[in-house]
Amino acid sequence: MPLRSPAPQHRGGPPGFSLLEALVTSAIFLIVLYGVYLVYDVGQASYTSSSRKWDVQSQARVALERMGREVRTAGYANPKVSDPVVIATNDAFSFHADLDGSGATYVTYSRRDCTGTVTTTLYRNVSTATFCGGEPFVDGVTALTFTYYELNNVPLPYPLTSTYTLDSQGAVTGTATPTTPAAGGQRNRVRQVKIALTIQQQIGTTVVPFTATTDVALRNLLP
């Protein structure tokens, strides 16, 4: 009886990937990795934008809260001041009050520096002698408007226009001083002020704006 030769034995480990399989696997991995990157990039951009929006909104609200608190004291002093509202234009407001019990002073809010140039900075000037410029209060301001009302909510001037200077007294420059408000004049009849403030910041090519408003009653001038 003839003897059969034993079957050949395979040596070594399992067969490896072919070049085509390796290329396909790498391509799939890169596609998945790119998808993960896109999801991360969109999420990061959304977080940055939301964070910046919150920052802009916080700045506007904090600025308006302080402005409202101080404007509300216009006319407060002992003895009472005779010129509570000194400058009242569409983009500048100056009032006379004792803010902290140390004596009456003039407080001016405006985007104008002491050359009369409108800037992107909201200035706050506290002085007994000057009515322009001051310390930078908020940066990135693109709009600041003041609207004034009498006791019966009639706007000053009436009819309301986009630009105005009550009693023809505009914002001053340098060391100039405004005229004294006359009894019965427009500045002397102001009882409420509406403030609108717009701040914006830029992230790359995206502009993030925010506008906040507040209505302030001059409680020391109310009957």
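Refer to the structure printed above.
Small disclaimer: the values here were computed from a predicted structure and weren't measured.

Now for the overall build of the protein. Within the protein, the regular secondary structure consists of 1 helix and 9 strands. In sequence order, the protein lays out its α and β elements as α-β-β-β-β-β-β-β-β-β. Looking at the protein as a whole, 36% of its 223 residues qualify as buried. For the protein, the exposed surface amounts to about 13,600 Å²; the carbon and sulfur share of it is 57%.

As judged from the 2 bridges shared by strand β6 (residues 141-149) and strand β7 (residues 155-156), these two strands associate in the antiparallel manner. Within β7, the residue paired with Y148 across the bridge is L156. Here β6 folds back onto β7 in antiparallel fashion, the turn holding 5 residues, of which N153 has a positive phi close to 65°.

Time to look at the pattern of salt bridges. Taken as a whole and judged by the stated rule, the model has 6 salt bridges. Measuring nitrogen to oxygen at the nearest pair gives 2.6 Å for the salt bridge that ties E65 to R69. Residue E65 and its partner R69 are located together in helix α1 (residues 19-71), separated by 4 residues, close to a single helical turn. Given a relative accessible area of 41%, R69 falls into the partly exposed group. The partner of R112 in a salt bridge is D91, and the shortest N-O contact between them spans 3.0 Å.

A word on the side chain of H96. In this fold, H96 is placed in strand β2 (residues 92-97). Of the polar contacts made by the side chain of H96, one reaches the side chain of D83; its length is 2.6 Å. Filtering out sequence-adjacent residues up to four positions away, H96 remains in contact with A74, G75, Y76, V81, D83, P84, V86, A104, T105 and Y106.

Pairing between sheet strands relies on hydrogen bonds along the backbone, with the strands arranged either parallel or antiparallel. Strand order in the open sheet formed by 5 strands is β1-β2-β3-β4-β5, and the pairing between neighbours is antiparallel. Each edge of the open sheet carries a strand with a single partner, namely β1 (85-88) and β5 (135-139). Recorded for the sheet is a direction-independent mean angle of 15° between the axes of neighbouring strands.

Moving on: the state of the cysteines. If you walk through the whole model with that rule in mind, you get 1 disulfide. Covalent S-S linkage joins C114 and C132, the inter-sulfur distance amounting to 2.1 Å. Measuring handedness by torsion sign, the sulfur bridge of C114 and C132 sits at about 100° and is right-handed. In this pair, C114 sits in the loop between β3 (105-112) and β4 (118-127) while C132 sits in the loop between β4 and β5, placing the two residues 18 residues apart along the sequence. With a relative accessible area of 33%, C114 lands in the partly exposed category. Look at C132 and you get buried, because its relative accessible area is 5%.

This paragraph deals with unusual backbone geometry. Following N78, the chain continues to P79 via a peptide bond in cis, the omega torsion being 5°. Note that P79 resides in the loop between α1 and β1. Across the junction of L156 and P157, the peptide omega takes the value -5°, indicating a cis bond. Positionally, P157 belongs in the loop between β7 and β8 (192-203). Located in the positive-phi region is D167, a residue other than glycine, with phi close to 60°. Along the polypeptide, D167 turns up in the loop between β7 and β8. At S168, a residue that is not glycine, the phi angle is positive and equals roughly 65°. By the secondary structure assignment, S168 is in the loop between β7 and β8. Classification of S168 by relative accessible area gives exposed; the value is 68%.

On to the nonpolar core, then. Core analysis: the largest hydrophobic core is formed by 34 residues, its most contacted members being F93, F146, Y148, V193 and I195. For this core, the elements supplying multiple residues, two or more each, are α1, β1, β2, β3, β6, β8 and β9 (206-217). The element that contributes the greatest number of residues to this core is α1, accounting for 6 residues. Core analysis: the next-biggest nonpolar cluster, separate from the first, contains 6 residues, V86, A92, F131 and V172 among them.

Conventions and cut-offs
- Residues numbered from 1 in each chain as written.
- Predicted model: local features only at pLDDT ≥ 70, side-chain atom pairs only at ≥ 80, totals over all residues.
- Heavy atoms only, no water.
- Helix = DSSP H or I, 4+ residues; strand = E, 2+ residues; numbered from the N terminus.
- Buried < 20%, exposed > 50% of the residue type's maximum accessible area, 1.4 Å probe, protein only.
- Areas by Shrake-Rupley, 256 points an atom, 1.4 Å probe, with all protein chains shown as cover.
- Pairing = 2+ DSSP bridges.
- Salt bridge = Lys/Arg side-chain N within 4 Å of Asp/Glu carboxyl O.
- Polar contact = N/O pair within 3.5 Å; in protein donor to acceptor, adjacent residues only side chain to side chain.
- Contact = heavy atoms within 4.5 Å.
- Axes fitted to C-alpha atoms, helices over the stretch in contact; angles between N-to-C directions.
- Disulfide = S-S within 2.5 Å.
- Core = buried A, V, L, I, M, F, W, Y, C linked by side-chain atoms within 4.5 Å.

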